Amino acid sequence: MSAEQPVLTPVKRKARRRWIVPVTVAAVVVGGGGVAWGLLQPRVATVVASDVMVLTAGTLTDSISATGTVAAASTTKIFSTLTYQVTAVNVEVGDDVSADQVLAQLDTRTLTKQITSKKASMTQSQAVAAASLASAQHKASASRNAVRSGKNPSIVSAQSSVTAAHANWTKATKTYEDFADALDDGQNSQLVAAQTALDNAKANLTTATYNEQKARDAWMSGGMPDYPDPLKVALDQAVNALDAAQTACRNARDAYDATDTTAENTLSDLKAAARQARDAYTSAKNGLSAAQASAQTEVQSGQDAVTSSQASGRQDAAVADLAGLLADRASATIASPVSGTITAVYATLGAPASGVLFVVESTDRLEIASSVNEYDVNTVTPGMKVLITADGTRDAVSEGTVTSVAPASTKDAAGQSITGSDIQYPTTVDVTSLNTGLKIGMNARLQYVVSQQDDVLSVPLDAVYANAQGSQVMLALAPRPDGKYTVQEVPVTLGLETDVDVAISGGGVQPGLRVLTNPTKYRAGTVVALSGA
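First, a word on what this report is: a plain description of the structure on this page. Sequence order as written defines residue numbering, which begins from 1 separately in each chain. Selection of residues for local features in this predicted model requires a pLDDT of at least 70, selection of side-chain atom pairs for listing and counting requires 80 or more, and totals for whole chains, interfaces and linings are taken over all residues. Excluded from the side-chain calculation are hydrogens and water; included are all heavy atoms of the structure.

From N to C terminus, the protein chain includes six helices and 25 strands. For the protein chain, the residues scored as buried account for 36% of the 533 residues in total. Nonlocal contacts in the protein chain, meaning residues at least 24 apart in sequence, comprise 76% of its contacts between residues at least 6 apart. A helix here means a DSSP run of H or I that spans at least four residues, while a strand means a run of E at least two residues long, and both kinds are numbered starting from the N terminus. Per-residue accessibility, obtained with a 1.4 Å probe over protein chains only, is compared with the maximum for each type, and a residue is labelled buried under 20%, exposed over 50%, and partly exposed between these values. Residue contacts are defined here by distance: any two heavy atoms, one from each residue, within 4.5 Å place the two residues in contact.

Structural data, given as structure tokens:
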């Protein structure tokens, strides 16, 4: 009777993982009361190439997929409440502009005539008071609108610093915690590799010690002959092999100790970096508070100037009327309140100015408006790394960082939370890579990086199973002198797991090992040929 084929128990997965569905093994009763395990015999004499993978070290990423739209990190719509004709448009789409740069001019001839007429009927002191009042009103209005619309330059800059500092702090904290968890769980790839090398060196030393003792016993039993007697030659070779194994074991121990020290130093550095990032975030918040206070002081100062001008002009009707006309003439010069790139021009020569005239956006600072579902919303956090691709960039990979995750799900036009089977939570991703080729309005594909390990060996989830003893194993091909292979069961330790692959380590796991990706079709101990070999 042939040996029983192990039942392939699937590796336990997270809720969203796929399961191995093992092939059912049937027992057939034959004459004489025996059981013929026909289906337990090797199903194939040749292993097809598609069932084999060669282990190579690489980067394994566990991520959450989503889509989004590229947008500017800052968008400013410039409008006018005046309806005078546009006499000049100084910019076009694509132009870079600076704060206070004049974008357009409205026809002020009617206003100028009205101002001249008003001044003619007023005293000198009234005219001066009106000019002072108009200037104060214009400045007060500009500072007040900047604060209300969130466009105050100092506040915008300080808020950007807070957002960046918070993202850096969150990222630094996560990096530290992930590294610490990997150390605690024995999943640090460098330490695992060093431990594997040390274990192999110890095993080789044990073998070399045994072989040396065996050769020495044979040499002594043979009368301790001198060289070139075969017993003496064998002993010398065994002694040399033992010396080499001892040296290799010491080197492996030193390498492990050095790797362990490096890991501890790295952990300490990451902890210090997280603390520094936290302090920088606190400093940025203090800077924002100071900027907000300064802006409010500026608004109050502007209002105080208006009040003072009104008092000095006695606030008679003539002064108020002239001040209004002067303020309208100043507003007829359309300037950009921020620096950026012109992305839309609605002002038309000869046409009345009304509503939005220009749009200025930060094309050098992009973000992506996206969302995640309710299953993943507590996994995606600010500071998380994001990989970004788009058809328009030929799938070139750019990097970004999550800057915000909405506390509530997407709402409808009435402000009510959308219900149903696909609940989404809006997210914002800051594009951190430079020269990405991404353009405002592009559709993007996102990979929120939950965890990532470099220089690890990994296999498909279905390549690993629990054997009859409950150990996690996989099937690999061990080469034979005749060019064929023996199917062997290799114990593995599982590491980072994605929807498709899982990181593995262990004494028999090394680059170049041929692994069977569909173990349900093969049996340990079987001698097979490799298709195409």
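The structure having been displayed, the exposition proceeds.
Definition used in this section: a nonpolar core is a set of buried Ala, Val, Leu, Ile, Met, Phe, Trp, Tyr and Cys residues joined via side-chain atoms within 4.5 Å. If you look at the biggest cluster of nonpolar residues, it comprises 23 residues, and the most contacted ones within it are I368, I388, V429, L438, L446 and Y448. Sorting the residues of this core by element identifies β6 (58-72), β14 (366-373), β15 (385-389), β17 (424-431) and β18 (443-460) as the ones contributing at least two each. Listed in part, the 17 residues of the second largest apolar core include L82, A104, I334 and V338.

The next thing to look at is the side chain of S362. Note on placement: S362 falls in the loop between β13 (355-361) and β14. Accessibility expressed as a relative area gives 9% for S362, which makes it buried. Polar contacts, as counted here, are pairs of nitrogen or oxygen atoms within 3.5 Å of one another; within protein the pair requires one atom able to donate a hydrogen and one able to accept it, and residues that are adjacent in sequence qualify only if both atoms are side-chain atoms. Within the local environment of S362, its side chain forms a polar contact with the backbone nitrogen of S74, the two atoms lying 2.9 Å apart. Among all residues touching S362, those that are not within four sequence positions of it are A72, A73 and S74.

Put simply, the grid is 1 Å and covers the protein atoms alone, a cavity is a trapped set of points that fit a 1.4 Å probe, a pocket is an open set with protein on both sides within 12 Å along at least five of seven lines, and lining residues have an atom within 4 Å of a point. Grid points are joined across faces, edges and corners, and a volume is the space filled by probe spheres set on the points. Estimated volume of the second largest pocket: approximately 880 Å³. Taken together, 27 residues make up the lining of the second largest pocket; nearest its centre are D178, F179, S451, Q452 and Q453. For the lining of the second largest pocket, the secondary structure elements donating two or more residues are α3 (153-184), α4 (189-221), α5 (230-312), β18 and β22 (493-497). It is α3 that contributes the most residues to the lining of the second largest pocket, eight residues altogether. The class makeup of the residues in the lining of the second largest pocket is eight nonpolar, 12 polar and seven charged. Here the term charged refers only to Asp, Glu, Lys and Arg, the term nonpolar to Ala, Val, Leu, Ile, Met, Phe, Trp, Tyr, Cys and Pro, and the term polar to all other amino acids, Gly among them.

In this section: the sheet that holds strand β7 (residues 75-80). Ordered in space as β7-β13-β12-β9, the four strands form an open sheet in which the pairing is antiparallel. Here the strands that pair on one side only, and so sit at the sheet edges, are β7 and β9 (96-97). If DSSP finds at least two bridges between two strands, the strands pair. Pairing analysis gives two bridges linking β9 to strand β12 (residues 340-345), with the strands arranged antiparallel. In the sheet register, V97 faces β12, and the bridge partner there is G340.

None of this, on its own, says anything about what the molecule does.
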